[in-house]
Structures are given as C-alpha cells and as structure tokens.
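# Summary of the model geometry
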Amino acid sequence: MVRHRGDIWSSIAVLRLSIDTSVVGVCGKVLKYLQTSSRCFSGTACVKKINMEKEETEESPRSLLGEMEEQVKEEQAGGSSSSTEPARGEEVVKKRGSSTQDSRRSSSSRSSRKSFRLDYRLEEDVTKSKRDKHGRFVNPWPTWNAPTLYNVLKWQFTEKDHSKVPSSKEVLDRELPVQEPYFIQNPQLAGKTGAGMRATWLGHATVLVEMDDLTFLTDPVFSQRASPLHFMGPKRFRGPPCSVAQLPKIDAVVISHTHYDHLDSGSVASLNERFGSELRWFVPQGLMDWMQKCGCENVIELDWWEENCVPGHDEVTFVLTPAQHWCKRTPTDDNRVLWGSWSVLGPGNRFFFAGDTGYCSAFEQIGKRFGPFDLAAIPIGAYEPRWFMKAQHVDPEEAVRIHIDVQAKCSLGIHWGTFALAYEFYLDPPVKLKEAMDRYGLNQDKFFVLKHGESKDLNVEEDAFE
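The structure reproduced in this document is the subject of the present report.

Quick notes on the rules
Residues numbered from 1 in each chain as written. Predicted model: local features only at pLDDT ≥ 70, side-chain atom pairs only at ≥ 80, totals over all residues. Heavy atoms only, no water. Buried < 20%, exposed > 50% of the residue type's maximum accessible area, 1.4 Å probe, protein only. Helix = DSSP H or I, 4+ residues; strand = E, 2+ residues; numbered from the N terminus. Pairing = 2+ DSSP bridges. 1 Å grid on protein atoms, 1.4 Å probe; cavity = no way out; pocket = protein on both sides within 12 Å on 5 of 7 lines; lining within 4 Å. Points joined across faces, edges and corners; volume = space filled by probe spheres on them. Nonpolar A, V, L, I, M, F, W, Y, C, P; charged D, E, K, R; others polar. Phe/Tyr/Trp six-rings, centres within 6.5 Å; stacked < 30°, edge-to-face > 60°. Lys NZ or Arg CZ within 6 Å of the ring centre and 35° of its normal. Arc of directions from axis to C-beta. Contact = heavy atoms within 4.5 Å. Axes fitted to C-alpha atoms, helices over the stretch in contact; angles between N-to-C directions.

### Looking at the pairing of strand β13 (residues 341-345)
Successive side chains on a regular strand alternate, one facing one side of the sheet and the next facing the other. Most of β13 is tucked away, with five of its five residues classed as buried. The alternating pattern of β13 places Ser341, Ser343 and Leu345 on one face and Trp342 and Val344 on the opposite face, and all of these are buried. Where strand β12 (residues 313-321) and β13 come together, five bridges link them in antiparallel fashion. Looking at β13, one finds that valine 319 is bridged to serine 343. For β13 and strand β14 (residues 350-353), the ladder comprises four bridges, and the chain directions are antiparallel.

### Observations concerning empty space enclosed by the protein
Evaluation of the coordinates by the stated rule reveals two cavities of 30 Å³ or more. For the largest cavity, the calculated volume is near 130 Å³. If you trace the largest cavity, you find 17 residues lining it, with Phe419, Ala420, Leu421, Glu424 and Tyr426 closest to the centre. Here the residues of the lining of the largest cavity sort into eleven nonpolar, five polar and one charged.

### Quick word on the packing of aromatic side chains
Taken as a whole and judged by the stated rule, the model has 17 aromatic pairs. Aromatic side chains tryptophan 201 and tryptophan 416 sit 5.7 Å apart centroid to centroid with 10° between the ring planes, which places their arrangement in the stacked category. One end of the pair, tryptophan 201, is in strand β5 (residues 197-201); the other, tryptophan 416, is in the loop between β16 (411-414) and α11 (428-439), with 215 residues separating them in the sequence. Ring geometry for phenylalanine 352 versus phenylalanine 363: centroids 6.3 Å apart, planes at 80°, classification edge-to-face. Of this pair, phenylalanine 352 sits in strand β14 while phenylalanine 363 sits in helix α8 (residues 362-370), and the two are eleven residues apart along the sequence. Residue classification places phenylalanine 352 among the buried positions, given a relative accessible area of 0%. The rings of Phe216, Phe282, Phe318, Trp342 and Phe351 are connected pair by pair, giving a single aromatic cluster. Lysine 154 extends its terminal NZ or CZ atom over the ring of tryptophan 387, reaching a point 4.5 Å from the ring centre.

### A closer look at helix α6 (residues 265-275)
Within α6 the residues assigned to the buried category are Ser265, Ser267, Val268, Leu271, Asn272 and Phe275. Looking straight down α6, one finds that the buried residues subtend no more than 160° of arc, so they occupy a single side. After α6 finishes, the residue glycine 276 shows a positive phi value of roughly 60°.

### Things to note about α8
Counting buried positions over the nine residues of α8 gives seven, a clear majority of the element. Restricting attention to buried positions, one finds in α8 the residues Ala362, Phe363, Gln365, Ile366, Gly367, Arg369 and Phe370. In this fold, the buried residues of α8 make contact with β12, β13, β14 and α10 (396-405).

### A few points about the sheet that holds strand β17 (residues 447-448)
Spatially, β11-β12-β13-β14-β15-β16-β17 is the arrangement adopted by the seven strands of the open sheet, whose pairing is mixed. Among the strands making up the open sheet, the edge pair consists of β11 (307-310) and β17. With three bridges joining them, β14 and strand β15 (residues 375-379) adopt parallel strand pairing. Residue phenylalanine 353 lies in a different strand from β15, and its bridge partner there is alanine 377. Against the sheet, α10 makes contact with β14, β15, β16 and β17, and its axis sits at roughly 155° relative to β15, the strand it touches most.

### Describing unusual backbone geometry
Note that the residue after glycine 371, namely proline 372, is joined by a cis bond; omega there is 0°. Structurally, the position occupied by proline 372 is in the loop between α8 and β15. Here the amide bond leading from glutamate 384 into proline 385 is cis, since omega sits at 0°, within 30 degrees of zero. With respect to the secondary-structure elements, proline 385 resides in the loop between β15 and α9 (386-389). Phi is positive for lysine 164, close to 50°, though the residue is something other than glycine. One can find lysine 164 in the loop between α3 (149-158) and α4 (169-175). A positive phi angle, near 55°, is found at asparagine 335, a position not held by glycine. Inspection of the secondary structure puts asparagine 335 in the loop between β12 and β13.

Structure (structure tokens):
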C-alpha cells in the first residue's frame, strides 16, 4: 500500500475523495459583524472603508509607494525624514452580537512610525507576490518547480522510503523524548522573559514564542493527523507535549500556508473556543474567509511585506514575508491562498519563522530589510528525495543558508521528528544539520534543536522570574 504523506498526500487525498474541508468547523448560521479597525500605532486610529467612494485626500495603501519614493528624494535633497509607514495590510475584525448589520465591511489603515525604522529605499529590492492570469498565486523565483501528478506518482511508487520510524514507543521515547512544557507546572512564569525571549517547541512547525510582553504561536497543530480525515493520512509518531487547554494565554497566531500539517481546523477551532476574539490571527492573503467560517473573529490578512500588530502591543510588528512554497486543501483551490514566512519585530527582540519553504533569494531580502534576528525557526526535515522535494522543502544545508541569509543570531530547527512526511531517516535532520554547520564553519550552538516540549531562553535574566 502506498503511504500518503504531508503536503503531497493532501493533494492526493482531496483529488481522490473530493472532500472540501474548508468548511470544517463552520458555524451553522451566518454571522453578523462590523468591521473594526484598531490601529495599534501609539494608540491612534485611522479607518478607511474600502466600500466608500474615495475622496481626493484619501490614499490607498498601494499608493504609499509613490509617496515613499518622494520622501526618499526629499531626504536625499536634504529634507526631513518621513513619518509615514508602509501599508499595514487589510485589517478585518468580525464581531458577533446584537448588531443588525449584515453587510460585510473591511478596512485598511496606516499610522505613524513605530519603534523601528524601515529604509524605504529598499522597497525596490524586494520581491512582491504575483498571480497568474487565473488569479492564482505563483512563485516568482527560477528556483521553483511546481509538483506535477506524474512526479507525485513517481515519488510514491519508485522511491524507497528510508524514514524507518520505529513502532516501539520505548524506542521513540528514548530517541525523541516528549517532555512536559515548563508552563504546565509553572504557569506563573509564562510571559516573563524580561528583555529576552523564549521559544518552546511543541512539535513539527508549532513554536510558542514569548518576547516583548507578547506570546504567540506559529502554525499550531495539536491533532494526531495532518489530514482532512480523522482515520487516515500522516499520523504523529510523537504526540503534542500539551493540549490547547494547557497553553498559557496566547495573544496571537501566525499561519504560513494552508497545508494540513500547518493549518489544522481542529486546532483552530480549539484555540478559537478558548481565547475567542481576544486572539489575533495573522494569515496570508486569501485565507480570511476560511478563518471566518471557522468562527475566528479577529483575523488580519496580509500580502508579502505588509504588516500589522496586536492591539495593546503596538510596539511589536508582524510582517508577512516571502517563502517558496504552494497552497492546496481541496481539489479546486490550488494557490488561491498566498503562503509566506513571518518576521516579528519588537523593540527588544526579533523573531523569524520560515514556515514551509524551498530555498530562494527572498531570504537575503528579508535579512537585508529586517535582520539581524535574535532567533529564527527554520525547517530542517521532509526533504528526501531531493529531485522531488527541493523546490518546496529545504534540506539541513539549505536551512543553514537561510540562517545566514536572514542574519539570525540563533536558529531553531523545526519541521522534523513529528510526522513522517518524506523519505529521509527520521533521525537524520539534526545529524545533517550539524554536518552542514561544520561545513560552513559555524558554531553548532547557534543552530540547535529541542526536545518536544523543551524551551530555549535567549538573554532571559533570572530576575525576570521574580
């Protein structure tokens, strides 16, 4: 029997079963909501309804580029620096309640400069998202090759599986131990990082990050399978180290793309049930409707290089940055949703989440614009065979190149040791990572892996726990 795996398994499953799981968790009634714009810049707010007629004095977010170019010219001519930021993306907050309004409204807004300065002259050096003539997103780099059905079948039927995940729990507990996260026994320590930051690996691409008085999750998956079905598809061989109910208070979640091992409807529903509208979801362009159908109210949809923040935490900026990958959840939604990485920029710390990606030139752009990062979470697994996986999944050596490109001071290896999604030996990723670090002459402590549930403190002083 052919073993279905990861991203490609998702495609095969939906093609064979024609199951549209984009409505999983959808509420049974149409929700009425108001569009609220809560600009997080220094407590100010600026709201613009996109269904209103534009006034002469009203600018679209896209028109800011021309304004920024003029600002640069003025600076070069000796003029004063601009206090205008790039567009912070489309912010949509859906509210339920007694409102009688049932028409959808969205808004975008911008505000004054925040706690860091962007060099607008770098605007022309970054790669923007692109769509084809059918409105589907495309990868703009020559390093991309789209997976074809022929190659999927060739991979599944002709390549040998070297993953060899043991069935013995005793062996797995010894080789890949799962430990209880610190916040279960010591919840009072959650969020207390002082001037430093903390990262806790919860398996695969799920990381709990605490920095600058903010706590957020990356690609939360707490289910047993990365699949539209509960009884088949890639199953975890290492369970989640905690449940959603055991998590500390979460302020935000970032989603990199729609594949089932990164966007899990059950985990989304559980997080939404626990935290409700106080939890802000940052998602790529095109995912807004799916999130709202799942009942999520506080959703921010962004394009590459657009930014936003969590209300009350305007000093920390979330920027959707590029990655080389693709999206699919149903037979017909190929690349209707954008994919990306995330750069989280705070006054004291900077964090980069690569999501799921092949290697491309975008990471140099990210490092040039936002680096150095105090910590990066970079995938190191699901990379064999290379002829098939290379465009969509980096191997450990390419992960080290991303570490260098984004100017990460330290990096955490993710996307391994949880699901058997490809054909490399299940314990190889950390081994190959160490070998790659040696080849580049880098300190191995600067690119590390964690046990499931283990935390890493960076520049966290002891008095932060008092």
